[in-house]
Amino acid sequence: MAQDKYTAVWVSHSSMGDFLKCPRLYYLHNVYKDPKTKNKIAIVTPHMSLGIAVHEVLEGLGDIPANERMNIDLLARLEEEWQKVTGKKGGFLSEEEENGFKERGIAMIKNVIKDPRFLVNKRIKLPREVMNPNFFLSDDHNIILNGLVDWIEYLPDDTLHIIDFKTGKNEEQEASLQLPIYLLLCNKLQKRKVTKASYWYLENDKMVEKELPDADTAYRDVLEMAIKVKEARAKNEFNCPKGNYKKETGEGGCIHCRPYELILNHDSRAEFVGQGMFKQDMYIIKKEL
Ligand code: SF4
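The present account deals with the structure reproduced in this document. This one's a predicted model, so the numbers in the text were calculated from it and none came from an experiment.

## Points about the nonpolar core
One broad rule of soluble globular proteins: the nonpolar side chains tend to lie buried together. In this structure, M16, L137, L145 and I162 are the most contacted members of the largest nonpolar core, which totals 51 residues. Broken down by element, the residue count for this core peaks at eight residues, all from helix α7 (residues 215-235). Apart from residues lying up to four places away in sequence, L145 is in contact with V11, M16, P133, N134, F135, L137, I181, L184, L185 and V222. By size, the runner-up hydrophobic cluster in this structure holds 23 residues, among which are I64, L78, W151 and L202.

## A closer look at α7
If you check α7, its first and last C-alpha atoms are 30 Å apart, about what 21 residues at 1.5 Å a residue would give, namely 30 Å. Within the span of α7, buried status applies to A218, V222, L223, M225, A226, I227, V229 and A232. The elements touched by buried residues of α7 are β1 (9-11), α1 (13-21), α2 (23-30), β4 (134-138), β5 (143-146) and α6 (178-189). The opening residue of α7 is D214, an N-cap whose side-chain oxygen sits 3.3 Å from the backbone nitrogen of D216. N236 lies just past α7 and shows a positive phi near 55°.

## A closer look at the side chain of D18
Tracing the backbone through its elements, the reader meets D18 in helix α1. Buried D18, no salt bridge; nearest opposite-charge side chain is K21, N-O distance 4.9 Å.

Rules behind the numbers
- Throughout this document, residue positions are counted from 1 along each chain, in the order its sequence is written.
- Only residues with pLDDT of at least 70 are given local features in this predicted model, and only at 80 or more are side-chain atom pairs given and counted; all residues enter the totals for whole chains, interfaces and linings.
- The side-chain quantities take in all heavy atoms of the structure and omit both hydrogens and water.
- Side-chain atoms within 4.5 Å are what join buried Ala, Val, Leu, Ile, Met, Phe, Trp, Tyr and Cys residues into a set we call a nonpolar core.
- Three exposure classes are used, based on accessible area relative to the maximum for each residue type with a 1.4 Å probe and protein chains only: buried under 20%, partly exposed in between, and exposed over 50%.
- We count a stretch as a helix when DSSP gives it H or I for four or more residues in a row; a strand needs E for two or more, and each element gets its number in order from the N terminus.
- The criterion used for residue contact is that any of the two residues' heavy atoms lie within 4.5 Å.
- Helices are assigned an expected span. That span is 1.5 Å times one less than the residue count.
- Pairs of N or O atoms are called polar contacts if they sit within 3.5 Å, as long as, within protein, a hydrogen donor faces a hydrogen acceptor (for residues adjacent in sequence, only side-chain-to-side-chain pairs).
- Positive charges come from Lys and Arg, negative ones from Asp and Glu, while His and the chain ends are left out of the count.
- By definition, a salt bridge exists where a carboxyl oxygen of Asp or Glu is found within 4 Å of a side-chain nitrogen of Lys or Arg.

Right under this line is the structure:
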C-alpha cells in the first residue's frame with residue numbers, strides 16, 4: 001500500500017495506552033469530535049498541568065548549549081510555564097489546590113538545580129516538522145507511530161541514552177509500551193544505537209534504569225496493539241465492557257470514561273475552559289464523580 005499520511009491511522013503511547021485500558025476510553029479521547037465545534041475533547045487535570053509545566057521547563061533546556069543550561073533561572077522558567085496552566089484552564093478548582101501542585105513543581109525543579117545529572121551533557125533530538133517525530137510503522141497496514149522522547153542523551157561512546165521525565169507518583173507499569181515505542185522511534189529516525197534507558201522520577205529525584213526491550217519484540221508488540229486499534233476503528237467497535245454510561249440513571253462505565261460521558265451529555269459538572277495545543281476542546285470536571 002502506498003504511504004499516505006492523511007488516511008493512515010496514527011498511534012502513540014498515549015492513544016494505545018487509552019486503548020489498552022478500554023476501547024471506549026480510546027474512542028472518547030482520540031476519535032470522538034464534538035458535532036458543533038468539530039474538535040476532539042480532553043479533560044484537563046491538575047496532575048496533567050503539573051506535568052506539562054515541568055516538562056516544558058526541562059525539555060526547553062535542549063535548545064540551549066549544554067554548558068549554558070544551568071545558567072538559566074529554572075524557577076523563573078517554571079513560573080512562566082505555570083502562568084499558562086494557572087486557574088481553571090489548568091484544572092485547578094481552588095487556589096489551595098493549585099498552590100499544592102505548584103509547590104510540587106517547585107520541589108522538582110529544585111531537585112534538578114541541585115543535581116542536573118545528564119541535563120548538562122550533549123543531547124540529540126529526533127527530526128520533526130509540525131507533528132511529533134513519526135514514521136510508518138507498517139506500510140501494509142497504513143499505520144504511523146508517533147511520539148516525543150523527553151530527552152536523548154548523547155553518550156561518549158557514540159551511543160544514546162533515552163530518558164523519560166516522571167512527574168507523577170506512580171511508577172510506569174512494566175507492561176507499558178512506552179520504552180518499546182521510544183526505541184522504535186530512535187532506531188528509525190536516527191543512526192546511533194540506543195544502549196540505555198531510564199525514568200527520572202523528579203519528585204523524589206530517583207533515576208531508575210530500565211532494561212531495553214529487544215527491537216524485534218518491541219516492533220511486534222507495538223504493531224500488534226496498533227493493528228487492534230486500527231481494526232476497532234474500521235469496525236467502529238468501541239463498547240464499554242461494563243455497559244455504556246446511561247445519562248438517565250448514571251449507571252454504566254467507570255471512573256476513566258465518566259468525565260468524557262459528562263461532556264457528551266452536556267452535564268453541568270463538565271465546564272469548557274478553552275482550547276488545547278491541538279485545538280481540542282478542554283474541560284474541567286467540577287465535582288467528584
Ligand atoms: S467506562 Fe467502560 S470503556 Fe471506559 S474505561 Fe471504564 S470499563 Fe473501560
